[in-house]
Amino acid sequence: MAEITIRKRPRTEAVVTQRKFFKKTARGKVIKVLRERYLRDDVACGIHSCGLCAHDADVLLPSSGSLEHASVKNGHFVLPDTNIFLSQMDLMESPLFSPPIILLQTVLEEVRHRSLPLYNRLKALVKADDKKIWIFYNEYRSETAVIREEGESPNDRNDRGIRKATAWYNNHMSLSRPPVRGQAQPPLPSVVLLTDDVANRQKGETDGLTCMSVRRYVEGMKESGQLLDLLSAAGSESIEPTRAASIRQALYPDYLPTATLQAGVKSGQLHQGHFNANQYNYLEGNVSVPAFEKPVLLIGREHMNRAVQGDIVAVEVFDEKDWKAPADEVVDQEATLKNDDAEDSEEEGGDDEALAERKVLQTELTKQLTSSKQPTGRVVGIIKRNWRSYVCHIDSTSLTSTNPTSLSQQTVFATPVSRLLPRIRLRTRQAPALIGQKILVTIDRWERTSRYPEGHFVRALGKVQSKEAEQESLLLEFDVPYRPFGKAILDCLPPEGDSWVVPPKASADPNWRDREDLRDMIICSIDPPGCQDIDDALHARRLPNGNIEAGVHIADVSHFVLPDTPMDNEAAARGTTVYLVDKRIDMLPALLGTNLCSLRPHVERLAFSVIWELSPAAEIVNVRFTKSVIASKSAFTYEEAQLRKDDPKQTDELTESIRLLNDLARKLRQGRMDAGALNLASPEVKIHLDSSESSDPIDVEQKEQRETNSLVEEFMLLANISVAGKIQETFPQTAVLRRHLPPPRTNFEKLQDILKKRRGMSLDVSSSGALAASLDECVDPTEPAFNTLVRIMATRCMLSAEYFCSGSVGRDTFGHYGLASPIYTHFTSPIRRYADVLAHRQLSAAIGYTPLHASLHSKSHVERVLEVVNKRHRMAQMASRASVEFYVGLALKARSEKETVIEDAFVIRTFRNGLGVFVSRLGLEGLVTFKREIQFDADNYTITIPSPSGDQDVAISVFDKIKVRVDVEQDKNTQRGRVVMSLSHPVDSRGM
């Protein structure tokens, strides 16, 4: 028998191999955590041809390193510290930045703790084909592991570990390449420690290490001209000061310390919420907080205190005597600050722009109504920044030199596409070449001494108004993931690919296990024209007992998308399919979305069916849920189904099924309306494209709503409500549901006041039923479109619907206000919505078909996933609307070149210097502004315009129908096209 010897480790060795830290629990208790780490001598260096390390990895660093740097002639490797990845990720991701990189475990872990989004970008960077990056696990190599010394901060300990690993690499390379007798020793490559921490650099240089700041390193590279523009202002040193630097003064108050902010919010002295900029007035914003029914108003730059759209801020609310009313004037940033100098924008003093802003604010304050005052305050701190990359244009007037061959660095203004964002100052050598381009810019910092945030150029997207650049910029602006699906995701698809079919029916086949065979059922789908991702189909038939069987059959996506696979993780990250005018950004690979899961006609497909027995009055007798196999008999467009239903000569089973479904849908809809459901409206238009190849828009028209649209909608709603009840009953803590909270009554105050004063109509908002009834009564016999306009304006007073986890909120808040349903979910579109995939998995478990994956038993996991899905859903809606607006603009531009475009419009808002109008035929909102003085009656929502001919003055009020001239002008500074409206009738406003 072999002899076993147990040796006790010395205490001195234990100190090195043990990691101790303190952790705060959810209940506030502090516990000490002691972790053992096993140190080794065989952690590989990653350098090709190293004789001391055993490598089994495919990706290795070249043995000579990089030979393309002016300051390191003998070859080198780059070893960045943590802050380089935190502040210079755009540089690291650039294809022009390609030296071999050593990524330390210490750095990787610190990035993960500091910023999860940047950590995810770093992981993707490591896997990128055009990068050479080796992760060195320095915390597990005995020679490079360090322990925190007494009195040493965690940051200093990490910096020391990084320097030690750099020194070890240099020593390791000299040992792995010993001198050969009789031969000259070839020069060894070195490891360059890349850090912007001056103290860390000095300590490294004292230890004999080669250390560089990121700016100095980039300046020695071949493509330095382009790469220097990618440097973050926050992390780069030696940025030349502006001319005003020597006399800088603070323009904004300091933020309160984080601890003070947290204590203030907890005590109720401060309030926390998202900052929302005002699209009509750049000198105003607001923050919605739970303590007040109306948002907290922020007036002026100083009180907004460097907050950017979407930031989570802490606000201090002033005493009620200091509360103000929102402005009633359009204040355009570009017009007010057109003469601002990018170089001098850190100097306030008595410059014209600051004086203009103060004048605007003082004018507003003297004209405010006491009755419309609301909580007013100021931003005292930022809880969480929402900074990201923004799509911008270079303002040509801010250039000091337009010479295209000039490589001198200039400070210029980048004007974001979104009106909700401030101009961004950036320093670039490429400014002349970027005029007329759409570019991506990242905000790095916003000092209290600078009027504008500072950022850096990331990349050019293409020529302004080219469809490719506009489309990519739109996706970037709304944070839509659009990268192609990777190999790991595509590997999750059935290996048969396009040739996959439902196998022949057999009891032993897992595809047929517990599935109902509904292939002989008369089932059809009804969708918009050109729909390829058909995820729902329907049937209806009369039963012998006089009742009716109706069924909704949904593509069984969860059969193909299994939990916790690369494809599932990607779908969860995308959240939803995004529909643009001329393309679709899919949530799932096309093989599933438009083929294997699409319920095409005359093809057998796997489905998840909800089947009801309904009385002739459309009351539910019972409902069952089953996995099934179907074969749709036809795929109709809404128009085709409508024509078939209305044709008395058609009496076949399929047509009778459509008629039966339609009859039931009418009764279901009436039942919802009787229960208080709202019939709201949104401006929807249809873009006619020249051809699928050119995608040139030739016309715009309002979408036509047919009876068959309502037919499909009613049965999808019924299926969603039925499924919601089932999964909530089975999984009361983690059911994936959707709710629509009742809007605060204050949201409707302005609309109620306008209707009362302008039309003598009342709007009862005491309940959804009362609101629905009063909306039905808002009718103008002379103007049919008036009721639709009121419904659109009422929709904008609502809160947004949202997905939620059933165990995370009170049962009394489950309801869907707009649908007047006590419970609701999304189940009917799993090809294009990830929330529906989760609902499918829960329903499958609820009927005992499959066990529920562990992640869907975790409330915290479901909450995290739904937070992402809610964000993606909002962004997808905004991206779709922006795509429509862009194509409407192109169509208008084409029309305006041939003729003067004059359209009917409704006034929806009045300002002291203009009108907000809505052109229903184009689904477009716009501003008509006046340069001349006009009379403004804020109480009665009316402006009075002096007649150009000296006749009687013209009064225009909210809800008035007018005619507007629509032009598409090219902005001289940014080269972007924008829709400009002017009054055509009752008075021509050109020249006013």
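Since we're looking at a predicted model, the values are computed, not measured.

**Notes on helix α4 (residues 105-114)**
- Of the positions making up α4, those classed as buried are Q105, T106, V107, L108, E110 and V111.
- Among the structural elements, β3 (76-80), α2 (82-87), β4 (101-104), α5 (116-127), β5 (133-136) and α6 (154-176) are those in contact with the buried residues of α4.

**Structural notes on empty space enclosed by the protein**
- Here the structure, examined in full by the defined rule, presents 7 cavities of 30 Å³ or more.
- In this structure, the largest cavity occupies an estimated 220 Å³ of space.
- Y282, M304, A307, P422 and W446 are, among the 17 residues lining the largest cavity, the residues nearest its centre.
- Elements that contribute at least two residues to the lining of the largest cavity include exactly β8 (271-277) and α11 (301-304).
- Counting contributing residues per domain, the lining of the largest cavity is built from domain 2 (250-386) and domain 3 (387-477), each supplying no fewer than three.

**Some remarks on the pairing of strand β35 (residues 942-945)**
- Of the two faces of β35, the one lined by T942 and T944 and the one lined by I943 and I945 are each fully buried.
- Here strand β34 (residues 935-937) hands over to β35 after 4 residues, with Y941 in that stretch at a positive phi of 55 degrees.
- When β35 meets strand β36 (residues 954-957), the two strands line up antiparallel, connected through 4 bridges. When the sheet's bridge partners are listed, I945 is paired in β36 with V954.

**A closer look at the confidence of the model for the protein**
- On average, residues of the protein score 85 in pLDDT, and 87% of them are at 70 or above.
- With pLDDT under 50 throughout, residues 236-247 is counted as low confidence; its partners more than four residues away or in other chains account for 24 contacts.

**Remarks on the packing of aromatic side chains**
- By the definition in use, this model includes 14 aromatic pairs.
- Between F136 and Y169 the ring centres are 5.1 Å apart and the planes differ by 70 degrees, which places this aromatic pair in the edge-to-face class. Of this pair, F136 sits in strand β5 while Y169 sits in helix α6, and the two are 33 residues apart along the sequence. Y169 carries the same exposure label as F136, and that label is buried.
- Centroid distance F292 to W323: 6.0 Å. Interplanar angle 85 degrees. Geometry classified as edge-to-face. With a gap of 31 residues between them, F292 in the loop between β9 (284-287) and β10 (296-299) and W323 in the loop between β11 (312-317) and α12 (333-336) connect regions that are remote in the sequence.
- These aromatic residues form a ring-pair network of at least three members: F136, W168 and Y169.
- Over the ring of Y255 we find R306, and its NZ or CZ is 4.1 Å from the ring centre.
- Its guanidinium or amino end placed over the ring of Y849, R513 lies 4.4 Å from that ring's centre, counting from NZ or CZ.

Basis of the calculations
- Residues numbered from 1 in each chain as written.
- Predicted model: local features only at pLDDT ≥ 70, side-chain atom pairs only at ≥ 80, totals over all residues.
- Heavy atoms only, no water.
- Buried < 20%, exposed > 50% of the residue type's maximum accessible area, 1.4 Å probe, protein only.
- Helix = DSSP H or I, 4+ residues; strand = E, 2+ residues; numbered from the N terminus.
- Contact = heavy atoms within 4.5 Å.
- 1 Å grid on protein atoms, 1.4 Å probe; cavity = no way out; pocket = protein on both sides within 12 Å on 5 of 7 lines; lining within 4 Å.
- Points joined across faces, edges and corners; volume = space filled by probe spheres on them.
- Domains from an automatic or database assignment.
- Pairing = 2+ DSSP bridges.
- pLDDT = per-residue confidence, 0-100.
- Phe/Tyr/Trp six-rings, centres within 6.5 Å; stacked < 30°, edge-to-face > 60°.
- Lys NZ or Arg CZ within 6 Å of the ring centre and 35° of its normal.

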